[in-house]
Amino acid sequence: MPATHLDAVRAASRRLVREFGFMHPTLAGSDLSPSSVHALVEIGNRGSMTAAELCDVLLLEKSSVSRMLRKFIAAGQLCADTSPRDGRSKTLALTPKGRETLAAIDAYARAQVAGALEKLPADVHGKVLYGLSTYAGALEAYRRRSVVPVSAVSINSGYRPGAIGRTVDMHARYYSRTVGFGAFFESKVAAGMAEFVSRLEHPRNEIWLALEEGNVIGAIAIDGEDLAAGRAHLRWFIVDDGRRGGGVGKQLLAAALAFCDETGFAETELWTFSGLDAARRLYEAAGFVLDREFTGSQWGKEMTEQCFIRPGRNNAPNEP
């Protein structure tokens, strides 16, 4: 990762710590310390826990947790009973007073998170959840020297509501950042996709979406009508920011090329731009070969455009 990204992640992490209130002696509108608030939340969410389990979750030493628990029990927030699994340890649970305290903490935290999410477009909420949970998982994996668990991504064919807007959005953001494209490029992609989706009923046309928990994180399409007979046009191939390099693009490309081979296209053509080296490596690994290139400005800015061709892998005839 570039040093600028490392510094940006560090800066964002510090902002989160400050905005959540961890620099203050108390947290979540209560008179409790941050570690005490987390202890009540974890015990309440699980129903009951032992002191050893709480130490593992909070990443605190046994002595620190023991002092905190004694204060909770003395204040009537927690009760401790002999564990049915191990007579040498105590099971901790919230008392009615503890549940009241937790309810107030939860109400404060929910209002804080809900207020923040209201400041963001609804289609960004999934990205926030993915980013935070993935980053937290990566930090834990680094501490434990383990592997980061990867959430399941499914590749689905066919249109679904929001597919056009989401695909256009991913294109606009990526190409604005990487090559400086603007409104002209975005509007042209939107118009082209809108026209194509109206032809999806044709058996030689298809679109695939990469979905994670219902959110579109990638797309690709095969247009079997806009080139000469027997040739497929691979279009609108994009993977969301932050998801590249994890295999999503490879899965999408494999699904599209399998469709081309099954349909019997003599060749598949795609257009891209010089300098997108990671994408070029992916295309060449899938059998594409650079056929021609020229300088053009059809997307609103002068670029070196490249055409890649992949021969068909199936000799079955392609019916017009």
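Everything here concerns the structure above.
Summarised in this report is the structure supplied together with it. The shown structure was predicted, so the numbers you read here are calculated from the model rather than taken from an experiment. Throughout this document, residue positions are counted from 1 along each chain, in the order its sequence is written. Thresholds applied to this predicted model are a pLDDT of at least 70 for local features of residues and 80 or more for the giving and counting of side-chain atom pairs; totals over whole chains, interfaces and linings are not thresholded and use all residues. Side-chain figures throughout are based on the complete set of non-hydrogen atoms in the structure, without hydrogens or water.

Should their charged atoms come close, side chains of opposite charge can pair. When a carboxyl oxygen of Asp or Glu is within 4 Å of a side-chain nitrogen of Lys or Arg, the pair counts as a salt bridge. Inspection of the entire model under this criterion finds 16 salt bridges. The closest approach of N and O atoms between D169 and R166, which form a salt bridge, is 3.3 Å. Taken as a pair, D169 and R166 lie in helix α7 (residues 163-179) at a separation of 3 residues, close to a single helical turn. Across the pair D240 and R166 runs a salt bridge whose closest N-O atoms are separated by 2.8 Å. With D240 in the loop between β7 (231-239) and α9 (248-263) and R166 in helix α7, the pair connects residues that are 74 residues apart, well separated along the chain. The burial state of D240 is the same as that of R166; both residues are buried. A network of salt bridges, in which partner residues are shared, links E195, R199, D223, E225, D226 and R235. By the criteria applied, helices consist of DSSP H or I runs no shorter than four residues and strands consist of E runs no shorter than two, each listed in order from the N terminus. Buried residues are those whose accessible area, probed at 1.4 Å on protein chains only, stays under 20% of the maximum for their type, while exposed residues exceed 50% and partly exposed ones sit between those limits.

Right, let's talk about helix α6 (residues 125-144) for a bit. Here α6 spans 29 Å end to end across 20 residues, near enough to the 28 Å set by a 1.5 Å rise per residue. Backbone geometry just after α6 places R145 at a positive phi near 55 degrees. Expected span of a helix, by definition, is 1.5 Å for each gap between consecutive residues, and there is one gap fewer than residues.

Moving on: the sheet that holds strand β2 (residues 78-82). Overall, antiparallel pairing links the 3 strands, which are arranged β1-β3-β2 in an open sheet. In the strand order of this sheet, the two ends are held by β1 (49-50) and β2, each with one partner. Criterion used throughout: strands pair if DSSP finds at least two bridges between them. As judged from the 2 bridges shared by β1 and strand β3 (residues 90-94), these two strands associate in the antiparallel manner. Of the residues in β3, the one forming a bridge with M49 is L92. Here, two residues are considered to be in contact whenever any of their heavy atoms come within 4.5 Å of each other. Lines fitted to C-alpha atoms define the axes here, with helix axes fitted over just the stretch in contact, and angles between the N-to-C directions of these axes take values from 0 to 180 degrees. On the sheet, helix α2 (residues 34-46) packs against β1, β2 and β3 and is oriented at approximately 95 degrees with respect to β3.

Next up on the list: the pairing of strand β5 (residues 206-212). Taking burial as the measure, the 7 residues of β5 include 7 buried ones, the bulk of the element. Alternating positions in β5 separate into two faces, E206, W208, A210 and E212 on one and I207, L209 and L211 on the other, with burial throughout. In this structure, strand β4 (residues 154-157) lies alongside β5, joined through 4 bridges in antiparallel fashion. When the sheet's bridge partners are listed, S157 is paired in β5 with W208. Sheet analysis places β5 next to strand β6 (residues 215-223), joined by 7 bridges and oriented antiparallel. By the bridge assignment for β6, W208 is matched with I220.

As a packed pair, α2 and helix α3 (residues 51-58) sit with axes 11 Å apart at the nearest point and diverge in direction by 120 degrees. Here α2 is positioned oblique relative to α3, judged by the angle of their axes. In the packing of α2 onto α3, the handedness of the crossing is right-handed. Contacts from S35, H38, A39, E42, I43 and R46 in α2 reach L54, V57 and L58 in α3. Of the residues belonging to the contact of α2 with α3, the class tally is 5 nonpolar, 2 polar and 2 charged. Should an angle lie under 35 degrees it is considered roughly parallel, over 145 roughly antiparallel, and from 65 to 115 roughly perpendicular; all remaining angles are considered oblique. For any helix crossing, the convention is left-handed if the near helix is rotated counterclockwise from the far helix by under a right angle, and right-handed if that rotation is clockwise. Residue polarity follows a fixed list, in which Ala, Val, Leu, Ile, Met, Phe, Trp, Tyr, Cys and Pro are nonpolar, Asp, Glu, Lys and Arg are charged, and the others, Gly among them, are polar.

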